[in-house]
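Residue-level structural notes
Residues per chain, in single letters:
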Amino acid sequence: MARVVSNEALEKFLKAELPTNLLEYTGHFGGGCINEGQSFKTDLGVVFVKTNKKDGSRLMFEGEYNSLDAIKKSGTVRVPNPIKVLDHPEGTGAMLVMEHLDLKSLKNHQFQALLGLQLARLHLQNIDKLSKGSNDAVAKFGFHTTTCCGYLSMSNEWTDDWVTFYVNNRLESQISKLLSEHDDQELKELWTKLKAKIPHYFEGLDVKPSLLHGDLWGGNIGEIETGPVIFDPASFYGHHEFELAIAGIFGGFSAEFYSSYHQLIPKADGFDDRHHLYQLFHYLNHWNHFGSSYRPSAISIMKSLTAIQ
């Protein structure tokens with residue numbers, strides 16, 4: 001259970017920073033294996049305050065704030081409105097204040113279909129801007145700030161080429177971390193083979209940057225009375241197919257979701273192999289976060305992809 005703010009100094013701190021005269025705990029709390037959070041009635045309305053006491057958590061929350069802000073500004077899919085990132089007053093850690101939403105599990109089939117359409121519109125928005133030569137179109141892959149998938153930071157340095165970005169800024173960084181901690185010769189040898197083959201999976205494909213949620217699994221979607229909501233993003237501009245990878249691992253998305261998404265963005269040739277290539281990042285990331293139980297899945301994908309002629 002999340003620790004309720006009862007410390008007088010912390011209460012005073014939140015009142016001053018928001019600012020608000022009212023700060024009343026609602027009884028709602030939430031959290032996962034990384035952060036904890038709780039909701040408060042304030043003069044701004046009901047807000048949800050995520051807290052992490054570890055060093056470096058401000059970087060994580062700033063990435064989440066900027067991700068929520070970018071998706072909100074797209075006007076395509078509902079996210080909680082980000083309000084403020086704060087240093088934790090106890091000296092280490094940080095806090096992210098955002099709009100509280102009364103979220104429920106996304107079970108409404110109409111809302112699942114609507115989410116598919118909204119997500120496709122999010123992915124198409126920048127591509128459409130590029131085709132029209134809009135001044136605010138994003139022509140490179142990356143993001144204007146570091147984001148974190150879990151608690152591990154990801155380099156989002158702007159890159160002209162998607163394959164280069166994905167290999168260097170996503171896969172290589174995960175594998176380098178694993179090899180720095182484990183003497184895994186099989187992983188090392190498979191990565192050498194796979195790295196050389198990755199461009200093959202993009203032959204004839206002209207990938208344009210799309211704004212992505214970046215960590216869209218079933219635990220990061222929900223619904224309110226008016227429709228679907230996505231949250232806990234780790235955004236960047238990348239290949240839209242990447243978005244569907246972790247959804248395929250952990251489920252939570254209905255046939256209606258996929259059908260409506262692919263109505264607007266049909267599968268391109270080679271989709272299935274690239275889908276596995278994108279799932280590899282998430283298995284590696286979970287291996288780094290949660291241990292070697294995710295190793296067999298990562299190794300299996302690498303063997304499969306390197307065996308394809």
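Look up: the structure comes first, before these words.
Now for a quick tour of the structure. Numbers given for residues are sequential positions, taken from 1 along each chain in its written order. It should be noted that, the model being predicted, local features are given only for residues of pLDDT at least 70 and side-chain atom pairs only at 80 or more, the latter also being counted only at that level, while totals for whole chains, interfaces and linings use all residues. Calculated side-chain values reflect all of the structure's heavy atoms, with hydrogen atoms and water omitted.

**Quick look at the overall build of the chain**
Helix and strand counts for the chain stand at nine helices and 11 strands. Here the globule rule reads 2.2 Å times residues to the power 0.38, and the radius of gyration is calculated from C-alpha atoms. The C-alpha radius of gyration of the chain comes to 20 Å, within 12% of the 19 Å expected for a compact globule of 309 residues. Considering only C-alpha atoms, the chain reaches an extent of 65 × 45 × 40 Å along its principal axes. We call a residue buried when its accessible area falls under 20% of the maximum for its residue type, exposed when it is over 50%, and partly exposed in between, using a 1.4 Å probe and counting protein chains only. A total of 309 residues make up the chain; the buried ones form 50% of that total. Residue pairs at least 24 apart in sequence account for 65% of intrachain contacts in the chain once pairs closer than 6 positions are excluded. Carbon and sulfur atoms provide 48% of the accessible area of the chain, an area that totals close to 14,400 Å². Of the charged side chains in the chain, 29 are positive and 37 negative; the average position of the first set lies 1 Å away from that of the second. Helix and strand labels come from DSSP, where a helix needs a run of H or I of at least four residues and a strand needs a run of E of at least two; each type is numbered from the N terminus. Whether two residues are in contact is decided by their heavy atoms: any pair within 4.5 Å suffices. To measure how exposed things are, a 1.4 Å probe is used in the Shrake-Rupley method; for residues, cover is taken only from the protein chains shown. Residues scored as positive are Lys and Arg, those scored as negative are Asp and Glu, and His as well as the terminal groups of each chain are ignored. Where a charge sits is defined by one atom per residue type, namely NZ (Lys), CZ (Arg), CG (Asp) or CD (Glu).

**Things to note about the packing of aromatic side chains**
The criterion for an aromatic pair is that two Phe, Tyr or Trp rings (for Trp, the six-membered ring) have centres within 6.5 Å, with stacked assigned to planes under 30 degrees apart, edge-to-face to planes over 60 apart and tilted to the rest. Enumeration over the complete set of coordinates arrives at 20 aromatic pairs. Ring geometry for Phe165 against Phe236: centres 5.7 Å apart, planes inclined by 25 degrees, an arrangement best described as stacked. Here Phe236 lies in strand β11 (residues 236-238) and Phe165 lies in helix α4 (residues 162-181), a separation of 71 residues in the sequence. Summarising the burial analysis for this pair, Phe165 and Phe236 share the class buried. Connected via pairs of aromatic rings, a cluster forms that spans Phe141, Trp162, Phe165, Tyr166, Phe202, Phe236, Phe242, Tyr278 and Phe281. The residue whose ring lies beneath Lys54 is Tyr151, and the NZ or CZ to ring-centre distance is 5.9 Å. The positively charged end of Arg170 is found above the aromatic ring belonging to Phe236, 4.3 Å away from the centroid. Only when the NZ atom of a Lys or the CZ atom of an Arg is both within 6 Å of the ring centre and within 35 degrees of the ring normal do we say a charge sits over the ring.

**A look at the state of the cysteines**
Two cysteine sulfurs form a disulfide in these notes if their separation is within 2.5 Å. Taken as a whole, this structure holds zero disulfides when the rule is applied. Here Cys148 stays unpaired: no disulfide links it, and the sulfur of Cys149, its closest cysteine neighbor, is 9.0 Å away. Taking the relative accessible area as the measure of exposure, Cys149 reaches 2% and is therefore buried.

**Concerning the environment of Leu10**
With respect to the secondary-structure elements, Leu10 resides in helix α1 (residues 8-17). When the C-alpha atoms of Leu10 and Pro89 are compared, they prove to be 6.8 Å apart, with 79 residues separating the residues in sequence.

**With respect to α4**
An α-helix turns once every 3.6 residues. As a result, residues three or four positions apart point the same way. End to end, α4 covers 28 Å across 20 residues, agreeing with the expected 28 Å (1.5 Å per residue, within 8%). What the bend at a residue measures is the angle between two axes, fitted to the seven residues ending there and to the seven starting there. At Glu172, α4 shows its strongest bend, of approximately 40 degrees. Buried within α4 are the following residues: Trp162, Val163, Phe165, Tyr166, Val167, Asn169, Arg170, Leu171, Gln174, Ile175 and Leu178. Buried residues along α4 sit in contact with β7 (152-154), α5 (185-197), β11, α8 (271-290) and α9 (295-307). As used in this structure description, the phrase polar contact means that two N or O atoms lie within 3.5 Å; if the pair is within protein, one of them must be able to donate a hydrogen and the other to accept it, and residues adjacent in sequence are counted only when both atoms belong to side chains. Two to three positions downstream of the cap, the backbone nitrogen of Val163 sits 3.3 Å from a side-chain oxygen, assigning the N-cap of α4 to Asp161. Multiplying 1.5 Å by the helix residue count minus one yields the expected span of that helix.

**Observations concerning the environment of Lys104**
Assignment of secondary structure puts Lys104 in the loop between β5 (94-99) and α3 (109-132). In this structure Lys104 comes out as exposed when scored by relative accessible area, which is 61%. For Lys104 and Val229, which are 125 residues apart along the polypeptide, the C-alpha to C-alpha distance reads 9.5 Å. Dropping the residues within four chain positions of it, Lys104 is found in contact with Gly222 and Glu223.

**Some words on the packing of α4 against α5**
Put simply, α4 and α5 touch, their axes get as near as 11 Å, and they point 165 degrees apart. Comparing their axes, α5 and α4 come out roughly antiparallel. With respect to the hand of their crossing, α4 and α5 are arranged in left-handed fashion. Contacts from Val167, Leu171, Glu172, Ile175, Leu178 and Leu179 in α4 reach Leu187, Lys188, Trp191 and Lys195 in α5. Broken down by class, the residue content of the contact of α4 with α5 amounts to seven nonpolar, no polar and three charged. Structural elements are reduced to axes, namely lines fitted to C-alpha atoms, with helices fitted over the stretch in contact, and the angle between N-to-C directions of any two is expressed from 0 to 180 degrees. What sets the label is the angle itself: under 35 degrees gives roughly parallel, over 145 gives roughly antiparallel, 65 to 115 gives roughly perpendicular, and the rest give oblique. Helix crossings are classified by the rotation of the near helix relative to the far one: an anticlockwise turn of less than a right angle makes the crossing left-handed, while a clockwise turn makes it right-handed. Residues are grouped as follows: Ala, Val, Leu, Ile, Met, Phe, Trp, Tyr, Cys and Pro are nonpolar; Asp, Glu, Lys and Arg are charged; all remaining types, including Gly, are polar.

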